[in-house]
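Structural overview
As a plain string of letters, each chain reads:
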Amino acid sequence: RKYDPYRPSTNVFDLITRDAKALCQELMPNPEEETRKLALLERLSDIATEVFGEAEVLPFGSSGNGLALANADMDVCVFLNSKEGSAEEQVSPVEFVERIGDRLEKDNEFENILQLKRARVPIVKLNHVNGIACDIGYQNDLAIWNTRLLRAYCRIDTRVRDVVVIIKTWAKRRKINNPYAGSLSSYAYVLLVIHVLQRRGVLPNLQSIVVGNGKIPYWDCQGFNRYFFEDIPNLARYWQPTPEAMKQSVGELLYEFFRYFASEFRYTTHVVSIRSGGLLTKEAKEWSKDHTQPQQQQHQRQQPQTLQPQTSTVDSPALTDEQPAADSKPVVKNRYLFCIEDPFELDHNVGRPVDRYSLFTIRGEFMRAAKILSRNGEGAISRLCYERE
Ligand code: GTP
Ligand code: MG
C-alpha cells in the first residue's frame, strides 16, 4: 500500500466507526415499514394476476438485497407465467405498462400513477396510500439476478451493509444520487463499494469462484452469464479474507473508499469491474469514445433490459420525461467518463449518465469526504452526510 500522509490514526477510525454504526442503526427500515411493503407486494400480485392471469411479482433493488434505508422506494418486477402459445405470451412492455397502469387507476388506493411507456425500460410509477413509493417493471430477469448478487455480497460480511448504507446516505444528502441529473444510481455506488472491498481483500469475486476445478459455468440470462457463487454459508471452503482485511474497521473502509476515488482511481483509463475482481481498461473494452447511437438500434435490442434511465445528448431528462418522438432525430449518448461495468450486462456502463460537469461535482465530493474523514473522528460522520441545499 502506498504511503498516505493523510491517513488518520486508529483512534480516529474508531470514532468514525462508532458514529457510522450508530447512523446505520438509525437508518434501518423498521419492521412496520417492512410489513407495509409486504402488504403492497401482495396487493400488486393480486392485481397483476387479475389483469394477466398467472403473474408473479418479485421485489428487487434495495427491497430485495437487504440494503434499504428507512423510507426507501420499492422496486418490483412482474413476471407472467404464460402458457406456451397463449395470448399472454405476446404482452409487450408497453402493453404491460398500459394494462396494469389503467387497472391501478381504478383503485383509489394508488396515487400519482405514471405510465412511462417510452422509457428504455417501460415502468409504472406510483405512490400507495400507505406511504410507499413503488416502481413496477416487467420481466427484467437481470435486475433480479443483480439484486441477488448484491445480496450475496452483503451476506459475506456485516461491514458491507454498514459501508453501503453510509455511502448511500452520503450520496443522497450531497445530491449526487440522481442518474436523471447526471450523477450515479444507488446501484452504481454499491458496485463501487464492492470494488473497493474486493481490492482490500474484504470481499471475494463471487463470479469467479467455481465449485470443483472446472471452468466458470455459463448460465444464460437474456444473453449474459448470470453465474455466481451463491452458497455463502459454505464460502469459507473456497475463499477467506486476509487477516489484515478482517481487522479493517468500518471507519477505515469508508476512508479507503473515498481516498481511492478521490486520488487513486484513474478516471481517464480505468473501468471498475467487480466481475473481474479489479480494474479493466477503457481501451480493452472499447469504451474510450462516446458512442452516439440511433435510438432505433437500442430498441431492436429488446433484452437485456436495464433500469438505467435514458441519458440524452442535451440536459438529462427529468424523471417524468419520456423519449422524444421517433421522428425527432433520436440519439442516445453512451458516455464513458466514469466507467463502471455492470456485473452481468458487460456492455452496459452503469456510470453512463455521468457527464463532464457531474463528474467534476462527484469527484469534488469524494475529495471533500476523504478530507473530512482524515481530519478528526468526532463529528466526522455527521459532517460527511451534511445535507446540501
Ligand atoms: P435506493 O432506491 O436508493 O434504495 O437503491 P436501490 O438499491 O434500490 O438501487 P437503485 O434504485 O439504483 O436500483 C435498483 C435496482 O435496479 C438495482 O438493484 C438493479 O437491479 C437495477 N438497476 C439500477 N440501475 C441499473 C443499471 O444501470 N443497470 C442494471 N442492469 N440494473 C440497474
Ligand atoms: Mg430503489
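Worth saying up front: this structure is predicted, and the values here are computed from it rather than measured. (Residues numbered from 1 in each chain as written. Chains lettered and ligands numbered in written order. Predicted model: local features only at pLDDT ≥ 70, side-chain atom pairs only at ≥ 80, totals over all residues. Heavy atoms only, no water.)

1. Structural notes on the overall build of the protein
- Each helix and strand in the protein was counted, giving 13 helices and 12 strands.
- Looking at the protein as a whole, 54% of its 389 residues are labelled buried.
- Per element, the accessible surface of the protein, about 18500 Å² overall, is 50% carbon and sulfur. (Helix = DSSP H or I, 4+ residues; strand = E, 2+ residues; numbered from the N terminus. Buried < 20%, exposed > 50% of the residue type's maximum accessible area, 1.4 Å probe, protein only. Areas by Shrake-Rupley, 256 points an atom, 1.4 Å probe, with all protein chains shown as cover.)

2. Side note on the packing of aromatic side chains
- One pass over the structure, following the stated rule, counts 22 aromatic pairs.
- Ring geometry for Trp170 and Tyr189: centres 6.0 Å apart, planes at 85 degrees, overall edge-to-face. Of this pair, Trp170 sits in helix α6 (residues 158-173) while Tyr189 sits in helix α7 (residues 186-199), and the two are 19 residues apart along the sequence.
- An aromatic cluster of three or more residues is present, and its members are Trp170, Tyr189, Phe257, Phe258, Tyr260, Phe261, Phe265, Tyr267, Phe338 and Phe366.
- For Arg226, the ring lying beneath its charged end belongs to Trp145, and the centroid distance is 3.8 Å.
- Sitting over the face of the ring of Trp287, Lys285 holds its NZ or CZ atom 4.7 Å from the ring centroid. (Phe/Tyr/Trp six-rings, centres within 6.5 Å; stacked < 30°, edge-to-face > 60°. Lys NZ or Arg CZ within 6 Å of the ring centre and 35° of its normal.)

3. A few points about the pattern of salt bridges
- Evaluated as defined, the whole model comprises 24 salt bridges.
- Put simply, Lys117 and Glu98 hold a salt bridge, and the shortest N to O gap is 3.2 Å. Of this pair, Lys117 sits in the loop between β3 (110-116) and β4 (123-128) while Glu98 sits in helix α4 (residues 93-105); the two residues are 19 residues apart in sequence, bridging distant segments of the chain.
- Notably, a salt bridge pairs Glu256 with Arg200, separated by 3.2 Å at the nearest N-O pair. With Glu256 in helix α9 (residues 250-264) and Arg200 in the loop between α7 and β6 (220-221), this pair connects stretches of sequence that are 56 residues apart. As far as burial versus exposure is concerned, Glu256 and Arg200 are alike and both buried. (Salt bridge = Lys/Arg side-chain N within 4 Å of Asp/Glu carboxyl O.)

4. A look at the packing of α6 against α9
- Remark: α6 packs on α9, axes separated minimally by 10 Å, with the N-to-C direction vectors making an angle of 50 degrees. Taken together, the axes of α6 and α9 lie oblique to each other. Handedness of the crossing formed by α6 with α9: right-handed. For the pair α6 and α9, contact is made by Arg159, Asp162, Val163, Ile166, Ile167 and Trp170 and by Val250, Leu253, Leu254, Phe257 and Phe258, respectively. (Axes fitted to C-alpha atoms, helices over the stretch in contact; angles between N-to-C directions. Parallel < 35°, antiparallel > 145°, perpendicular 65-115°, else oblique. Left-handed = near helix turned anticlockwise from the far one by under 90°. Contact = heavy atoms within 4.5 Å.)

5. Topic: the sheet that holds strand β9 (residues 278-281)
- The strand order β9-β8-β12 describes an open sheet built from 3 strands, whose pairing is mixed. Edge positions in the sheet fall to β9 and β12 (339-340), since each of these pairs with one other strand and no more.
- The pairing of strand β8 (residues 270-273) with β12 spans 2 bridges and is parallel. If you follow Val271 over to β12, its bridge partner there is Cys339. (Pairing = 2+ DSSP bridges.)

6. Some remarks on the sheet that holds β3
- Taken in spatial order, the 5 strands make up an open sheet running β1-β2-β5-β4-β3, and their pairing is mixed. Lying at the two open borders of the sheet, with one neighbouring strand each, are β1 (55-60) and β3. Across the sheet, the axes of successive neighbouring strands diverge by a mean angle of 25 degrees, strand direction being ignored.
- One ladder, built from 5 bridges, connects β3 with β4; its direction is antiparallel. When the sheet's bridge partners are listed, Leu116 is paired in β4 with Ile123.
- Relative to the sheet, helix α5 (residues 141-156) contacts β1 and β2 (74-80), its axis offset from that of β1 by approximately 40 degrees.

7. Remarks on the side chain of Gln207
- Relative to the assigned elements, Gln207 resides in the loop between α7 and β6.
- At 2.8 Å, the side chain of Gln207 and the backbone oxygen of Pro343 are in polar contact.
- If we skip the residues at most four places from it in the chain, Gln207 touches Leu149, Tyr153, Ile216, Tyr227, Phe228, Ile274, Arg275, Pro343 and Phe344. (Polar contact = N/O pair within 3.5 Å; in protein donor to acceptor, adjacent residues only side chain to side chain.)

8. A word on the environment of Asn213
- On the secondary structure map, Asn213 appears in the loop between α7 and β6.
- Residue Asn213 is classed as exposed on the basis of its relative accessible area of 83%.

9. Quick look at the pairing of β4
- For β4, a buried count of 5 out of 6 residues is recorded, marking the element as mostly surrounded by other parts of the structure.
- Note that β4 and strand β5 (residues 133-138) share 4 bridges and pair antiparallel. Residue pairing in the sheet places Asn127 in a bridge with Ala133 of β5.
- Hairpin geometry of β4 and β5 is characterised by an intervening segment of 4 residues between the two adjacent antiparallel strands and by a positive phi of about 100 degrees at Gly131.

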